[in-house]
Amino acid sequence: MPRSAPRHDRDAGGPADLLAAKAALRQEVWTAMRAAKVARFPGAAGRIPNFTGAEAAAERLRTLPAWQAAGTVKSNPDSAQWPVRQRALEDGKTVFMAVPRLAETEPFFALDPARLSEPPRKAASISGATRSAQRVTLAGLSPVDLVVMGCVAAGEDGARLGKGGGFADLEFALARSAGLIGPDTLVVTTVHELQVRPAGAIPTAAHDAPVDLVVTPERVIDCRPGRGERPLGGIRWSELTDEKIAAIPLLAALRPTHP
């Protein structure tokens, strides 16, 4: 029997029962993907899992009018969405990608398709972005037309489950409060069918950002009719632990002072 994956929510705030329910669902998805042999190297557990068919899902996303109309895309840095970032650059879109774990004072990569030092596929990787992208602060970003988020599981109602670190929701809150994401900005994810769950199956908290479209290699699920409300702009400081804030320079700099 495989060992449980490491918990990325060790420094997360929030109710223990909610954290436990999310952790159990992550393990369920990771185990199912491993059993079906659809998780690519280095495996699903503990990660936003890279999956067999990631390129097909990216191609399906590429056919959508919202994709074709977008000039600027904000994406997560995980391998599962590498094909999405590659196609964005190939299609002439500017790509903003977070530095993993937001662990730098300039926590975003800005990839300009007209100024790449290597082909789009290489430039769209984390190592390639380190070489080809400009490093920018939150203030250095411009409003985005499309947001791409990675998931461990995605609900047909738009509920999104990450790997537990909370970084995607923090990025969303930061971008929303900075005016980079508006109330109507489309949010999408690409996943394997084994990562899709029915409406109501994924437990969520108030800070969890839902997605509008779930794209698999086989289909596009429009979640907007039943999607929950997006969190309002701003960081929910009361839900962040001191450990989490200290690990992210941007949060540490923005943290309000209390008398």
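In this text the structure is predicted, and so the values were computed from the model without any measurement.

Conventions and cut-offs
- All chains use their own residue numbering, which begins from 1 and follows the written sequence.
- The predicted nature of this model means local features are confined to residues of pLDDT at least 70 and side-chain atom pairs, given and counted, to a pLDDT of 80 or more, with totals for whole chains, interfaces and linings taken over all residues.
- Remark: hydrogens and water are excluded; side-chain values derive from all non-hydrogen atoms of the structure.
- Each helix corresponds to a stretch of at least 4 residues labelled H or I by DSSP, and each strand to a stretch of at least 2 residues labelled E; elements are numbered beginning at the N terminus.
- It is over C-alpha atoms that the radius of gyration is taken, and the globule rule equals 2.2 Å times the number of residues to the power 0.38.
- The rule is simple: take the accessible area with a 1.4 Å probe, protein chains only, and divide by the maximum for that residue type; under 20% is buried, over 50% is exposed, in between is partly exposed.
- Residues count as neighbours in contact if any of their non-hydrogen atoms are within 4.5 Å of one another.
- Strand pairing follows a simple DSSP-based rule, namely that at least 2 bridges must link the two strands.
- Between the N-to-C directions of two axes lies an angle of 0 to 180 degrees, each axis being a line fitted to C-alpha atoms and, for a helix, fitted only over the stretch in contact.
- Think of a polar contact as two N or O atoms within 3.5 Å of one another; within protein, one of them needs to be a possible hydrogen donor and the other a possible acceptor, and neighboring residues in sequence only count if both atoms come from side chains.
- Oblique is the label for every angle not falling under 35 degrees (roughly parallel), over 145 degrees (roughly antiparallel), or within 65 to 115 degrees (roughly perpendicular).
- Here is the rule for handedness: rotate from the far helix to the near one, and if that takes an anticlockwise turn smaller than a right angle the crossing is left-handed, while a clockwise turn gives right-handed.
- When residues are sorted by character, Ala, Val, Leu, Ile, Met, Phe, Trp, Tyr, Cys and Pro go into the nonpolar class, Asp, Glu, Lys and Arg into the charged class, and all the rest, Gly among them, into the polar class.

A. Structural detail: the overall build of the protein. Each helix and strand counted, the protein has nine helices and eleven strands in total. Computed over C-alpha atoms, the radius of gyration of the protein comes to 17 Å, within 12% of the 18 Å expected from 2.2 N^0.38 for 259 residues, which places it in the range of a compact globule. Of all 259 residues assigned to the protein, the portion counted as buried reaches 50%. Looking at the protein alone, contacts between residues at least 24 apart form 66% of all its contacts between residues at least 6 apart.

B. Fine view of the sheet that holds strand E7 (residues 160-161). Strand order across the open sheet formed by three strands is E7-E6-E9, with mixed pairing between neighbours. Either end of the sheet is taken by a strand with one partner, and the two such strands are E7 and strand E9 (196-197). Sheet topology places strand E6 (residues 153-155) next to E9; two bridges connect them, and they run parallel. Within the sheet, the bridge partner assigned to Gly155 lies in E9 and is Arg197.

C. Here's a closer look at the sheet that holds strand E10 (residues 213-215). Here eight strands make up an open sheet; going across it, the order is E4-E3-E2-E1-E5-E8-E10-E11 and the pairing mixed. Two strands bound the open sheet, and with one partner strand each, they are strand E4 (134-136) and strand E11 (220-222). For this sheet, the mean angle separating the axes of adjacent strands, direction not counted, is 25°. Summarising the sheet, strand E8 (residues 186-190) and E10 pair through three bridges and their orientation is parallel. Looking at the pairing, Val188 lines up with Leu213 of E10.

D. The arrangement of the side chain of Arg87 in detail. With respect to the helices and strands, the residue Arg87 is situated in helix H4 (residues 82-90). With relative accessibility at 10%, the residue Arg87 sits in the buried group. Among the polar contacts made by the side chain of Arg87, one reaches the side chain of Glu59 at a distance of 2.7 Å. Within polar-contact distance, the side chain of Arg87 engages the backbone oxygen of Pro83 at 3.1 Å.

E. Focus on the environment of Val29. Here Val29 lies in helix H1 (residues 16-35). A residue is classified by how much of its surface remains accessible, and Val29, at 0% relative accessible area, is buried. It is 8.6 Å that separates the C-alpha atoms of Val29 and Ala44, two residues lying 15 residues apart in sequence. Those residues in contact with Val29, other than ones at most four positions away along the chain, are Val152, Ala153, Leu194, Gln195 and Arg197.

F. Up close: the packing of helix H2 (residues 54-62) against H4. It is the contact of H2 with H4, at a shortest axis distance of 8 Å, that shows an interaxial angle of 40°. Judged by the inter-axis angle, H2 sits oblique to H4. Note that H2 runs across H4; the crossing there is right-handed. Residues Ala54, Glu55, Ala58, Glu59, Leu61 and Arg62 of H2 touch H4, and the partners they reach there are Pro83, Val84, Arg87 and Glu90. Split into classes, the residues belonging to the contact of H2 with H4 amount to five nonpolar, no polar and five charged.

Fair warning: the whole summary comes from geometry, so function is off the table for now.
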